[in-house]
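# Structural description and commentary
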Amino acid sequence: MDWTWFHKLASPPYIYRLSATLTPWFGWPAAVALLVATYWGLAIVPADYQQGEGFRIIYVHAPTAWMSLMVYMTMGVSAAIGLIWRMKVAHAVAASVAPIGASFTFVALATGSIWGGPMWGTYWEWDPRIVFELLLLFLYLGYMGLHSSIEDPQRADRTAAVLAVVGTINVPIVHFSVVWWNSLHQAPTIMTLDGQKNMDPRMVGPLLLMLAGFTLLFIALLLTRLRAEVLRRERTASWIREAVGS
Amino acid sequence: MREFLDMGGYAAFVWPAWGLTFVVVILNVIWARRSLARSREEARRRLAMRGGES
């Protein structure tokens, strides 16, 4: 098998240039998708028969919750690659995505809380899914805190990576929590285990577009932050002169 | 318009949830760009310092 692509991906100058080229190809479609989905979800889709207009919170809650899990998987897998193959760029990816994941996990918790007010009659409940989502936020913050508290960059990468990898166990727990436990949180509505559709098809469109928009946004943010990380880590490399144009 | 803003009585929940999400999306874009700009600035300064030594 030809492993050239793998070695290329491990090369900081290659990653830096590739990220710079790719960013607008993800950033602009993300902006369009999010704007269209916003208009669609707020103004066009009819109100829910039970929750009225209040159900529209789903269009920001579900995608940010999806982000919290997807970003964590990205972080966990990158950290594992960094640990196993001692690949510097992989550690840079993990360090780049942690703040993105933390911020969207916070939004998922906050929008869920706001939604819980009128629908459950409580803003906070020690419900399995909510508790494990909160743990996810602490894992992100723990990774960031640990990483910045260790002076030696390589030891910081490796130590924080161990935490990130161990924490991935929490991702399936969050995802399946509503199935495993009798939870106040509702069960999945788009993809259920028996393939049954629970959501009005008219309501699904903006949700899927939101999910796509947030995923594209995540890639654009990751590529931008990755360039910053790669520059910061490559203190002596000569290609930097060319990259920053001085 | 009035009716749209009222969100069927759920205005106090729908708008803060959407507003917070919007703000965090924008902040993420600003933070990422600022982080890159700062890294480039630092790299430039390092290069300038090294250039002065040699």
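So, a few notes on the structure that sits alongside this text. Just so you know, these numbers come straight off a predicted model, no measurement behind them.

### Examining helix H7 (residues 170-180) of chain A
Residues and elements named next belong to chain A. Within H7, burial applies to Asn170, Val171, Val174, Ser177 and Val178. End-on, the buried residues of H7 take up no more than an arc of 145°, which puts them together on one face. Tucked inside the fold, the buried residues of H7 contact helix H3 (58-85), helix H5 (128-149) and helix H6 (153-167).

### Remarks on empty space enclosed by the protein
Residue and element names in this part refer to chain A. If you walk through the whole model with that rule in mind, you get 1 cavity of 30 Å³ or more. Counted as a void, the largest cavity has a volume near 40 Å³. Along the walls of the largest cavity sit Pro12, Lys88, Val89, Ala92, Val230, Arg233 and Glu234, which together make up its complete lining. If you list the elements that add at least two residues to the lining of the largest cavity, you get helix H4 (88-120) and helix H8 (201-233). Residue contributions to the lining of the largest cavity peak at 3 residues, all from H4. A per-class count over the lining of the largest cavity returns 4 nonpolar, no polar and 3 charged.

### Quick word on the pattern of salt bridges
All names here are of chain A. Under the definition given, this model contains 6 salt bridges over all chains. Note that arginine 56 and glutamate 53 form a salt bridge whose closest N and O atoms lie 2.7 Å from each other. You can call arginine 56 buried: its relative accessible area is 4%. Taking the shortest distance from any N to any O, the salt bridge between lysine 88 and glutamate 234 comes out at 3.2 Å. Note that lysine 88 is positioned in helix H4 and glutamate 234 in the loop between H8 and helix H9 (239-244), a separation of 146 residues in sequence. Owing to a relative accessible area of 12%, glutamate 234 belongs among the buried residues under this scheme.

### Concerning the packing of H5(A) against H6(A)
All names here are of chain A. Running from N to C, H5 and H6 cross one another at 170°; their axes reach a closest spacing of 8 Å. Our classification of the angle between H5 and H6 gives roughly antiparallel. Contacts between H5 and H6 pair Leu139, Gly142, Tyr143, Leu146 and His147 from the former with Ala156, Asp157, Thr159, Ala160, Ala161, Leu163, Ala164 and Gly167 from the latter. Of the residues assigned to the contact of H5 with H6, the class counts are 8 nonpolar, 4 polar and 1 charged.

### Quick word on the layout of surface pockets
Picture a little ball the size of a water molecule; that probe, rolled over the atoms, points out where space is still empty. Each pocket or cavity is described by its volume, and for the second largest pocket that value is around 740 Å³. Together, 27 residues line the second largest pocket, and Gly27(A), Ala31(A), Leu217(A), Val25(B) and Val29(B) are the ones closest to its centre. Elements with a contribution of two residues or more to the lining of the second largest pocket: helix H2 (12-44) and H8 of chain A together with helix H2 (11-53) of chain B. Sort the elements by how many residues they give to the lining of the second largest pocket and H2(B) lands first, with 10 residues. Its residues assigned to classes, the lining of the second largest pocket shows 20 nonpolar, 5 polar and 2 charged.

### Regarding the interface of chain A and chain B
Each partner contributes residues to the interface: chain A has 42 residues there, and chain B has 29 residues. Across the chain A/chain B interface, buried area totals approximately 3100 Å², and carbon plus sulfur atoms make up 71% of it. Of all residues in chain A, Leu42(A), Arg225(A) and Val244(A) give up the largest surface area on contact with chain B, accounting jointly for 17% of the area buried on that side. Inspection of the region where chain A meets chain B yields 0 salt bridges. Seen at the junction of chain A and chain B, the total is 8 residue pairs in polar contact (both at pLDDT 80 or more). Grouping the constituent residues of the side of chain A that touches chain B by class yields 24 nonpolar, 10 polar and 8 charged.

Scoring rules and cut-offs
Residues numbered from 1 in each chain as written. Chains lettered and ligands numbered in written order. Predicted model: local features only at pLDDT ≥ 70, side-chain atom pairs only at ≥ 80, totals over all residues. Heavy atoms only, no water. Buried < 20%, exposed > 50% of the residue type's maximum accessible area, 1.4 Å probe, protein only. Helix = DSSP H or I, 4+ residues; strand = E, 2+ residues; numbered from the N terminus. Arc of directions from axis to C-beta. Contact = heavy atoms within 4.5 Å. 1 Å grid on protein atoms, 1.4 Å probe; cavity = no way out; pocket = protein on both sides within 12 Å on 5 of 7 lines; lining within 4 Å. Points joined across faces, edges and corners; volume = space filled by probe spheres on them. Nonpolar A, V, L, I, M, F, W, Y, C, P; charged D, E, K, R; others polar. Salt bridge = Lys/Arg side-chain N within 4 Å of Asp/Glu carboxyl O. Axes fitted to C-alpha atoms, helices over the stretch in contact; angles between N-to-C directions. Parallel < 35°, antiparallel > 145°, perpendicular 65-115°, else oblique. Buried area = accessible area lost by both parts, 1.4 Å probe. Polar contact = N/O pair within 3.5 Å; in protein donor to acceptor, adjacent residues only side chain to side chain.

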